[in-house]
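Here's the letter readout for the chains.
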Amino acid sequence: MKRTTRLTGPRRYALLGTAVLLAATSSSLAAADDGPGPFGVTVQAAVTRQSVRVGAIFSGGLGGRHFCTASVVRSSGHDLIVTAAHCLDGGGNLVFVPGYRDGKAPYGVWSIGKTYRGDAWTGGQDEDSDVAFAVVADQGGKGVEDVVGANAFAAGRATGATAVTVTGYPSALDAPLTCTNKPTLHSRTQQRIVCPDFAGGTSGSPWVNGDGEVVGVIGGHQQGGDTDDVSYSVVLGNEAAALYREAATTS
């Protein structure tokens, strides 16, 4: 499970070196038309227009602790984030902090309000429905999308057609990690990706393809995976598309 429980202290993970760089020699270089390469190498994410759209979810405000990851997706209200459904089960005073680093919130702290989770999740925590959306409150008349931008949300993309970049916040770190690789099918409804050190706290991390589309989020099988090096996502299909349409047009 890649969500860190909010009731106990964060699990501490043994990360190699400084926890931000793994040996590139063990990874194959990507072909030019597949992505930047090398594949399967996890590093600390640089501050870019794309990376600041990803943020940490905190319980109890910025002074609390971050336990999941989310990212901004396009919506009519400019106020929508996507994450894993299991990240929103506990309720409470949750906030989203895009671009969070080293205890600082350079793009603001955004209160999470209305959430959108599918009936299959709320009715029985179906792992094939482990994706959710949430509305964050405006600040000064601006939505979070106005501040950091947003990615498209794209259901129906073929798994492994292109490489994807996964960016997320392990709870033991105060900066995001990122990794690019090609996902593969785990089952008809689940996809997997091999990226080291995506530990507890990275549930909800977006899988973004070269067109800037979110085509997965860490979650689903084993609520994202029970090891740090392999992560899962629901295959985004009709249910996810319908949930997104509802959230994006009514937020």
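Residues numbered from 1 in each chain as written. Predicted model: local features only at pLDDT ≥ 70, side-chain atom pairs only at ≥ 80, totals over all residues. Heavy atoms only, no water.

Together, D119, D126, E127, E239 and E246 make up a negatively charged patch on the protein surface. Note on placement: E239 falls in helix 3 (residues 238–250). (Patch = residues over 30% accessible without salt bridge, like charges linked within 9 Å, V, L, I, M, F, W, Y side chains within 5 Å. Areas by Shrake-Rupley, 256 points an atom, 1.4 Å probe, with all protein chains shown as cover. Salt bridge = Lys/Arg side-chain N within 4 Å of Asp/Glu carboxyl O. Lys, Arg positive; Asp, Glu negative; His and termini not counted. Charge placed at Lys NZ, Arg CZ, Asp CG, Glu CD. Helix = DSSP H or I, 4+ residues; strand = E, 2+ residues; numbered from the N terminus.)

Turning our eyes to something else, we now look at the packing of aromatic side chains. In the structure shown here, the tally under the stated rule is 5 aromatic pairs. Ring centres 6.2 Å apart and planes at 50 degrees place the aromatic pair Y100 and Y169 in the tilted group. Here Y100, found in the loop between strand 5 (94–98) and strand 6 (110–117), pairs with Y169, found in the loop between strand 9 (164–168) and strand 10 (177–181); they are 69 residues apart in sequence, far enough to count as distant. Here the aromatic rings of F133 and Y244 are separated by 5.6 Å at their centres, their planes lie at 45 degrees, and the arrangement is tilted. With F133 in strand 7 (residues 132–136) and Y244 in helix 3, this residue pair connects regions lying 111 residues apart in the sequence. Assigned by exposure class, F133 and Y244 land together as buried. Site record: aromatic cluster; members linked through ring pairs are F58, Y100 and Y169. (Phe/Tyr/Trp six-rings, centres within 6.5 Å; stacked < 30°, edge-to-face > 60°. Buried < 20%, exposed > 50% of the residue type's maximum accessible area, 1.4 Å probe, protein only.)

Applying the stated criterion across every chain, the model contains 2 salt bridges. When the shortest N-O distance is used, the salt bridge between R117 and D89 registers 2.7 Å. Of the two residues, R117 sits in strand 6 while D89 sits in the loop between strand 4 (80–83) and strand 5, which places them 28 residues apart along the sequence. Its relative accessible area of 27% is what places R117 among the partly exposed residues. With a shortest N-O distance of 2.7 Å, E213 and R157 are connected by a salt bridge. Placement of E213 in strand 14 (residues 213–217) and of R157 in the loop between strand 8 (152–153) and strand 9 is noted, with a sequence separation of 56 residues between them. Note on R157: relative accessible area 43%, which makes it partly exposed.

Let us look at the confidence of the model for the protein chain. When the pLDDT values of the protein chain are averaged, the result is 88; 86% of them are 70 or greater. Confidence drops under a pLDDT of 50 for residues 7–35, and excluding neighbours within four residues, the segment shows 45 contacts in the predicted structure. (pLDDT = per-residue confidence, 0-100. Contact = heavy atoms within 4.5 Å.)

Read across the sheet, 6 strands follow the order 1-10-9-13-14-8 without closing on themselves; strand pairing throughout is mixed. Each edge of the open sheet is held by one strand with a lone partner, namely strand 1 (42–44) and strand 8. Inspection of the sheet shows strand 8 paired to strand 14 by 2 bridges, in the parallel sense. Within strand 14, the position partnered with F153 by the bridge is V214. (Pairing = 2+ DSSP bridges.)

Read around the barrel, 6 strands follow the order 2-3-4-7-6-5 and close on themselves; strand pairing throughout is antiparallel. Within the sheet, the average angular offset between the axes of one strand and its neighbour, ignoring direction, is 45 degrees. With 6 bridges joining them, strand 2 (residues 54–59) and strand 3 (residues 65–73) adopt antiparallel strand pairing. Bridge pairing in strand 3 links S59 to R65. (Axes fitted to C-alpha atoms, helices over the stretch in contact; angles between N-to-C directions.)

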